[in-house]
Amino acid sequence: MDRRSEPNRSAIYATTLVAFLAIAGIAVVDPILPAIGEEIGVTAWQVELLFTAYIAVMAIGMIPATLASGRFGFKPVLITGVSVVGVAAILASFSDNIVQLSVLRGVWGLGNAMFFATAMVVLVNLAIDREWVVGLFETALGLGFAVGPLLGGLLGHVSWRLPFFVCGVFMVLALAVASRKLREPATKLPPVQVGSIFATYRKPAFISLCVVTAAYNFVFFVVLGYTPLFLHLDVVPLGLAFTAWGLGLAAGILVIGHRLAHRIGAVQTLGIAITGLLVCLALFATSSGTAESLVVLVLAGLCMGLANANLTDLALGLGSSDRRVATGAFNLVRWGAAAPAPIISGKLAEHSLALPFWVGFGVLAVGVLVYLAFAHVMAAGYGERVLWSRWNRAAADAEHATEEPVGEAY
């Protein structure tokens, strides 16, 4: 359809811009992790608290944020979230120790929970073309992951505090955009009940997707949170490395992910993505040098882009008919599973630099096995069919066709 026929384009683009800035704020920390550890004088696992505190609070905050959006409306909750992120980021730039930084990153995560619990639902309810708006949102996330490390690297070369401060300024700008442009959906939605969110986990197709996503997101933040320490690069080269990773992520989302899903289905595209990422983890663990690790990092970004391009759509299709409920239930799992990954990686790295990747490999291998066992359930719930179910059906049809009719006994 013609995008110009969308009646709420300005509100949709404004929400997408805020999403881009929010994700850039997550990724801006990547290149400065080693510099923070050096200047404050903390170990690898303590530096990883910056990620774990952020993601854990974000995961826990998803449910109350979803409930608040049902009671107060989407726009007030979203604007509050953006404001909280801006204040936390600016205060983080003045922190003196890892405890202060971790607490403020946790507050930052709470603000992002308010945003992510509402943004996708706002977009889907404002748009006529759901597929377009989901693709737009996921593209903004991919570009945010690409631009964030670049800013972190360039600004972090001056001081590790500067990326936090600039991120806070960006969120103030996002607040100005959100206040003017965001709109509530025309249809007033009833309040969300906690029981409705947890009832979504009774659906076999949705819970199968959640298990696969939990394994995938754990690995996502092993790569995002631990690889900056693993590569042993200076701030600017590290920023450029993760910009390349983010561009791979964006390409997977924008260029390949949805096109591949149209050709072979979203469920099978997810399978290709997590299998490719599994291979990347083994390559990380056995890498013989920095150059090889950088190539693998970009390939991992591409695989993650394929997954991210389809996960949100699958969650909305397999979850509750109330998109707020589906989004809340899915994001609780998505971010909750990611929260322990950085700090676990930091502790494992004290024993072996490759160990975090091998543990990630084991976690994702479980996800791949669950996928193989239940992909047909997810595909059926989403209106697709996986290739091996076609093989099984073809084999059954062939067997049935070769059966000789049994004559009547006389």
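Above this text you will find the structure in question.
Okay, so let's go over this structure. Worth saying up front: this structure is predicted, and the values here are computed from it rather than measured. (Residues numbered from 1 in each chain as written. Predicted model: local features only at pLDDT ≥ 70, side-chain atom pairs only at ≥ 80, totals over all residues. Heavy atoms only, no water.)

## Considerations on helix H5 (residues 74-92)
- Its 19 residues give H5 an end-to-end C-alpha distance of 27 Å, which sits within 8% of 27 Å, the value for a rise of 1.5 Å per residue.
- Residues of H5 that are buried: Phe-74, Val-77, Leu-78, Ile-79, Gly-81, Val-82, Val-85, Gly-86, Ala-88, Ala-89 and Ala-92.
- For H5, the secondary structure elements touched by its buried residues are helix H1 (9-27), helix H4 (49-72), helix H6 (98-126), helix H8 (161-181) and helix H14 (323-338). (Helix = DSSP H or I, 4+ residues; strand = E, 2+ residues; numbered from the N terminus. Expected span 1.5 Å × (residues − 1). Buried < 20%, exposed > 50% of the residue type's maximum accessible area, 1.4 Å probe, protein only. Contact = heavy atoms within 4.5 Å.)

## Here's the deal with the packing of aromatic side chains
- Taken as a whole and judged by the stated rule, the model has 14 aromatic pairs.
- Centre to centre, the rings of Tyr-216 and Phe-220 are 6.0 Å apart; their planes meet at 70 degrees, and the pair counts as edge-to-face. One end of the pair is Tyr-216 and the other is Phe-220, both in helix H10 (residues 204-231) and four residues apart, which spans about a single turn.
- The class of Tyr-216 is buried, set by a relative accessible area of 1%. (Phe/Tyr/Trp six-rings, centres within 6.5 Å; stacked < 30°, edge-to-face > 60°.)

## Looking at the pattern of salt bridges
- Counted under the stated rule, the structure contains two salt bridges.
- Between Arg-161 and Asp-96 there is a salt bridge, with the nearest N and O atoms lying 3.9 Å from each other. You can see Arg-161 sitting in helix H8 and its partner Asp-96 sitting in the loop between H5 and H6, a full 65 residues away along the chain.
- Accessibility expressed as a relative area gives 55% for Asp-96, which makes it exposed.
- Here Glu-350 ties to Lys-347 by a salt bridge, and the two come within 3.8 Å at their closest N and O atoms. (Salt bridge = Lys/Arg side-chain N within 4 Å of Asp/Glu carboxyl O.)

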